[in-house]
Amino acid sequence: GQNIDQPTEMTATEGAIVQINCTYQTSGFNGLFWYQQHAGEAPTFLSYNVLDGLEEKGRFSSFLSRSKGYSYLLLKELQMKDSASYLCAAESSSNTGKLIFGQGTTLQVKP
Amino acid sequence: NAGVMQNPRHLVRRRGQEARLRCSPMKGHSHVYWYRQLPEEGLKFMVYLQKENIIDESGMPKERFSAEFPKEGPSILRIQQVVRGDSAAYFCASSPNPGGGPPKETQYFGPGTRLLVL
């Protein structure tokens, strides 16, 4: 079966660090994506991990452990504009690029 | 440098009518994906198309739904005889080449069409 789990909601304070976890079980696996989606808008690409380890890109970092079926997105120096939904997605096939999404984590950043 | 375009952005239909959703991929992209996002749920894969070919339709409901990506023009997602449960946001994404090399962004999403069935 296909299953992507992430917390439904999280709250954090402006300037702080937050980690959003994601576990996955898919019949095939090629890599792990994180997207950001503001309400009423399109998902926008944040990061992609295919190898184990940490990928850092500015304030955002993403980690993958293939053996554990686990990933996290780390957001540093939180800003109010980071309030959004964060979508974890597993690329289930390298041939088609088909993505299996979790339900998303709604992050609220408070002053 | 236009991104993925979808129209209409909002569509209201009465039960039993047909809904046609259009998606124009980014320039140079020949791979199109359709996803559905029900209220309070994540995006669910529906179908993957290349020009004139349906490659993977494993997420498409067996009845009333169809998709095409003709040689010329946008990709169309068609829903016949809509029901209230079809109310959702339908997102299209395009890719130059799935599984291709860096930058690994694979799929660019359009703004979505929000379908409301009355």
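This text follows the structure it describes.
On a predicted model such as this, the values are computed, not experimentally measured, just so you know.

Draft legend 1. Examining the pairing of strand E4 (residues 31-37) of chain A more closely. All names here are of chain A. Across the 7 residues of E4, 7 count as buried, placing the element largely inside the fold. Covered by surrounding structure in E4 are Gly31, Phe33, Tyr35 and Gln37 together with Leu32, Trp34 and Gln36, the residues of both alternating faces. Two strands pair when backbone bridges link them, and E4 and strand E9 (residues 84-91) are joined in this way by 7 bridges, in the antiparallel orientation. Opposite Gly31, over in E9, you have Glu91 as the bridge partner.

Draft legend 2. Expanded view of the nonpolar core. Counting residues in each nonpolar core, the largest one holds 23 residues, and the members touching the most others are Trp34, Met46, Leu77 and Tyr90 of chain B. For this core, the secondary-structure elements that each account for two or more residues are strand E3 (19-24), strand E4 (31-37), strand E5 (43-50), strand E7 (65-68), strand E8 (75-79), strand E9 (88-95) and strand E11 (113-117) of chain B. Beyond its immediate stretch of four places on either side in the chain, Leu77 of chain B contacts Ala19, Arg20, Leu21, Trp34, Met46, Met60, Ser66, Ala67 and Tyr90 of chain B. Counting 21 residues, the second-largest nonpolar core is a separate cluster that includes Ile4, Leu73, Leu78 and Leu107 of chain A.

Draft legend 3. Looking closely at the sheet that holds strand E3 (residues 18-25) of chain A. Residues and elements named next belong to chain A. Spatially, E1-E3-E8-E7-E6 is the arrangement adopted by the 5 strands of the open sheet, whose pairing is antiparallel. Single-partner strands in this sheet number two, and they are strand E1 (3-5) and strand E6 (53-57). For this sheet, the mean inter-axis angle between neighbouring strands, taken without regard to orientation, is 15°. Note that E6 and strand E7 (residues 60-65) share 5 bridges and pair antiparallel. Its bridge partner being in E7, Glu55 is matched across the sheet by Ser62.

Draft legend 4. Focus on unusual backbone geometry. All names here are of chain B. Here the residue pair Asn7 and Pro8 is connected by a cis peptide bond, since its omega of -5° sits within 30 degrees of zero. Counting through the fold element by element, Pro8 comes out in the loop between strand E1 (5-7) and strand E2 (10-13). Of note in the backbone geometry, Glu52 takes a positive phi value of approximately 65° without being a glycine. Mapping Glu52 onto the fold places it in the loop between E5 and strand E6 (53-56).

Draft legend 5. A look at the pairing of E3 of chain B. Residue and element names in this part refer to chain B. Only one face of E3 is covered, namely the one carrying Ala19, Leu21 and Cys23; the face carrying Arg20, Arg22 and Ser24 has none of its residues buried. In this structure, E1 lies alongside E3, joined through 3 bridges in antiparallel fashion. Each bridged residue has a counterpart across the sheet, and for Met5 the counterpart in E3 is Ser24. The pairing of E3 with E8 spans 5 bridges and is classified as antiparallel. Bridge pairing in E8 links Ala19 to Ile79.

Parameters and conventions
Residues numbered from 1 in each chain as written. Chains lettered and ligands numbered in written order. Predicted model: local features only at pLDDT ≥ 70, side-chain atom pairs only at ≥ 80, totals over all residues. Heavy atoms only, no water. Buried < 20%, exposed > 50% of the residue type's maximum accessible area, 1.4 Å probe, protein only. Helix = DSSP H or I, 4+ residues; strand = E, 2+ residues; numbered from the N terminus. Pairing = 2+ DSSP bridges. Core = buried A, V, L, I, M, F, W, Y, C linked by side-chain atoms within 4.5 Å. Contact = heavy atoms within 4.5 Å. Axes fitted to C-alpha atoms, helices over the stretch in contact; angles between N-to-C directions.

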